[in-house]
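# A look at the structure
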Amino acid sequence: MAALMDTRILLRKIKDLRCLTPRRNRVKAKWAGSQPKYPATNLALQNFDATYSLQLGEQWPSVRVSMLCEQKYGALVNNFSTTEGVIADLQSQGCRDFVCQPVGVGALERLHAPGFPLHDNPSTLESVGVIQDLAPPRLRTNIKCFVFPGGDISRFKPSRPDLYGMLGYYLMDAASILPALALDVQEGHSVLDVCAAPGGKTLALLQTQAIRFLCVNDISVSRTYRLQRVLNSYVPKELLTEERMRITSFDGRKWGEIERDTFDRVLVDVPCTTDRHSVMEDENNIFKRARTKERQRLPQLQTELLLAGIEAVRPGGQVLYSTCSLSQLQNEYVVERAMHLAREEHGISLQVVDLRPITRLFKDTFHFAPDPHLGQLVLPHLTANFGPIYMCKLQRLS
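Here the structure is a predicted model, which is why all the values come from computation and not from measurement.

Rules of the game
- Residue numbers run consecutively from 1 along every chain, following the written order of its sequence.
- This being a predicted model, a pLDDT of at least 70 is required before a residue's local features are given, and a value of 80 or more before pairs of side-chain atoms are given or counted; all residues contribute to the totals for chains, interfaces and linings.
- With hydrogens and water stripped out, all remaining heavy atoms of the structure feed into the side-chain values.
- Salt bridges are identified by distance alone: a Lys or Arg side-chain nitrogen within 4 Å of an Asp or Glu carboxyl oxygen.
- UniProt positions are given in the numbering used here, feature names are shortened, and annotations may be inferred rather than shown by experiment.
- Secondary structure follows DSSP: runs of H or I at least 4 residues long count as helices, runs of E at least 2 residues long count as strands, and numbering of each begins at the N terminus.
- Under the scheme applied here, a residue whose accessible area is under 20% of the maximum for its type counts as buried, over 50% as exposed, and between as partly exposed, the area being computed with a 1.4 Å probe on protein chains only.
- Throughout, a contact is declared for two residues whenever any of their heavy atoms are within 4.5 Å.
- For Phe, Tyr and Trp, rings pair up if their centres lie within 6.5 Å, where Trp contributes its six-membered ring, and each pair is then called stacked (planes under 30 degrees apart), edge-to-face (over 60) or tilted (otherwise).
- Note: the arc covers the axis-to-C-beta directions of the helix.
- Pairing between strands is defined by DSSP: at least two bridges between the two strands are required.
- In this description, a line fitted to the C-alpha atoms serves as the axis of each element, helices being fitted only across the stretch in contact, and the angle between N-to-C directions of two axes falls anywhere from 0 to 180 degrees.
- Residue classes follow a fixed rule: Ala, Val, Leu, Ile, Met, Phe, Trp, Tyr, Cys and Pro count as nonpolar, while Asp, Glu, Lys and Arg count as charged, and any other residue, Gly among them, counts as polar.
- Note on disulfides: each one is a pair of cysteine sulfur atoms within 2.5 Å.

This part is about the pattern of salt bridges. Taken as a whole and judged by the stated rule, the model has 15 salt bridges. Residue Arg 223 is joined to Asp 218 by a salt bridge in which the shortest nitrogen-to-oxygen separation is 3.6 Å. Of the charged contacts in the structure, one is a salt bridge between Asp 251 and Arg 253, with a shortest N-O distance of 2.9 Å. Salt bridges sharing partners connect three or more residues here, namely Arg 260, Asp 261, Glu 311 and Arg 396.

So, in structure tokens, the structure goes:
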């Protein structure tokens, strides 16, 4: 027993046991090959600290902390499944449908009130040609998205299929529903989703049950397959026919050459720096050093995609541009550049549609940036940790 105790004490004192390991079994640690010296998440955070601290000012520390915390999700109810039990289950967990129950008592009446003050300085929006529609937005109440109350970070249970194999709800950032709501799809519209994968916004558009024809596209074949799997899990086969829907893998920048002046509504949810993912996940992170040039080309790619969407929409139709980035270079500047190119090179006149009624309607659910130059921006906040989501709506003039 004494010899055993002495051996244990000796082993504790030996810090490096490689001398006791046969040479043929020794393995040299290859640190550089297993872990990058500068993780992409660290590079992203350094970039954001330098950029967003100037752009957001005092709000950046709060947004920064929120982006580094667990993200909140919403449950988009699938109207093509048996919804009664699904909705009852979500309500029993304390969730509420933020679309149908957006604000407190009296808020909708304030939206309807004449002369309702939507902006302290409307001249800033008039200078860029904004359609100031004081009427409340016509929301498609068929879209139902349940969220937990503010500050509640509970997680949703995985959705289960019904008797027909359709899943009851789709989990996604609840702020990603806003572009689908703001697009204002009406009965009989034809709709184009230029960058559709992975499919959350496409699924939200289908929940309106108002679309006559939907074209969904993504340049990545693998992402298109993922989109198809999502649609097969949530949408009946009879709605996925060629007469109702077309799924393609074309270069979205060329859509103006493929189908010009065709669609009533166009959604352009472009590739971006995906800010929250960039500070949380090293996998598929655009801030990897090998993807530096790809990241630098993003604003040009986004401008070309938005311009293609503008060409594809018919005169009088509307285009909604969205990203999941806080960057003004990818948001407002892209919109301004695309509007300029559309006017100068293609003779297309556009106006920016005022989305402030949307922000007033959902201000109790999301934290919006105050007084943006163009469009609307959802900021992550600890009590409402959704986003970031930027959206700007353009109307093509006849």
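What follows picks up the thread again.
For the rest of this paragraph, the subject is the UniProt feature "active site" (unreviewed entry) in the protein. Mapped onto this numbering, the UniProt entry gives "active site" (unreviewed entry) at Cys 324. Within the fold, Cys 324 resides in the loop between strand E10 (313–323) and helix H15 (332–346). You can call Cys 324 partly exposed: its relative accessible area is 25%. Not counting chain neighbours up to four residues away, the residues in contact with Cys 324 comprise Cys 272, Thr 274, Asp 275, Pro 388 and Ile 389.

Let us look at the packing of aromatic side chains. A full pass over the atoms with the stated rule returns 12 aromatic pairs. When the ring of Tyr 321 is compared with that of Tyr 390, the centres are 6.4 Å apart and the planes differ by 70 degrees; the resulting orientation is edge-to-face. A residue pair is termed long-range when its members are at least 10 positions apart, and Tyr 321 in strand E10 and Tyr 390 in strand E13 (residues 389–396) qualify at 69 residues. Given a relative accessible area of 0%, Tyr 321 falls into the buried group. Look at Tyr 390 and you get buried, because its relative accessible area is 1%. Ring geometry for Phe 366 and Phe 368: centres 6.3 Å apart, planes at 75 degrees, overall edge-to-face. Each member of the pair, Phe 366 as well as Phe 368, is classed as buried. Within the aromatic cluster, the residues linked to one another by ring pairs are Phe 98, Phe 362, Phe 366, Phe 368 and Phe 386.

What follows covers helix H5 (residues 83–92). If you check which residues of H5 are buried, you get Thr 83, Val 86, Ile 87 and Leu 90. For H5, the buried positions fall inside an angular range of 95 degrees around the axis, keeping them on one side. For H5, the exposed residues set more than 90 degrees away from the buried face come down to Glu 84 and Ser 92. Gly 94 sits one or two residues past H5 and shows a positive phi near 90 degrees.

Look at the UniProt record and you will see "binding site: S-adenosyl-L-methionine" (unreviewed entry) annotated at Cys 195, Ala 196, Ala 197, Pro 198, Gly 199, Gly 200, Lys 201, Asp 218, Asp 251 and Asp 269. Mapping Ala 196 onto the fold places it in the loop between strand E6 (189–193) and helix H9 (200–207). Ala 196 sits in the buried class, given a relative accessible area of 5%. Leave out the neighbours within four places in its chain, and Ala 196 touches Thr 202, Val 216, Asn 217, Asp 218 and Leu 227.

On the basis of which strands lie adjacent, the open sheet formed by four strands has the order E2-E4-E1-E5 and antiparallel pairing. The sheet is open, and its two edges are formed by strand E2 (96–97) and strand E5 (169–172), each paired on a single side. Judged from the two bridges that link them, E2 and strand E4 (residues 145–147) form a sheet pairing that is antiparallel. Across the sheet, the residue bridging to Asp 97 is Phe 146, located in E4.

On to the packing of helix H3 (residues 40–56) against helix H4 (residues 60–67), then. Running from N to C, H3 and H4 point in directions that differ by 145 degrees, and their axes come no closer than 9 Å. Between H3 and H4, the residues in contact are Leu 45, Phe 48, Asp 49, Tyr 52, Ser 53 and Leu 56 and Trp 60, Val 63, Arg 64 and Met 67, respectively. Split into classes, the residues belonging to the contact of H3 with H4 amount to seven nonpolar, one polar and two charged.

Further remarks concern the state of the cysteines. Under the defined criterion, the tally for this structure stands at zero disulfides. No disulfide involves Cys 95; its nearest neighbouring cysteine sulfur is the one of Cys 145, lying 9.7 Å away. With a relative accessible area of 6%, Cys 95 lands in the buried category. Owing to a relative accessible area of 0%, Cys 145 belongs among the buried residues under this scheme.

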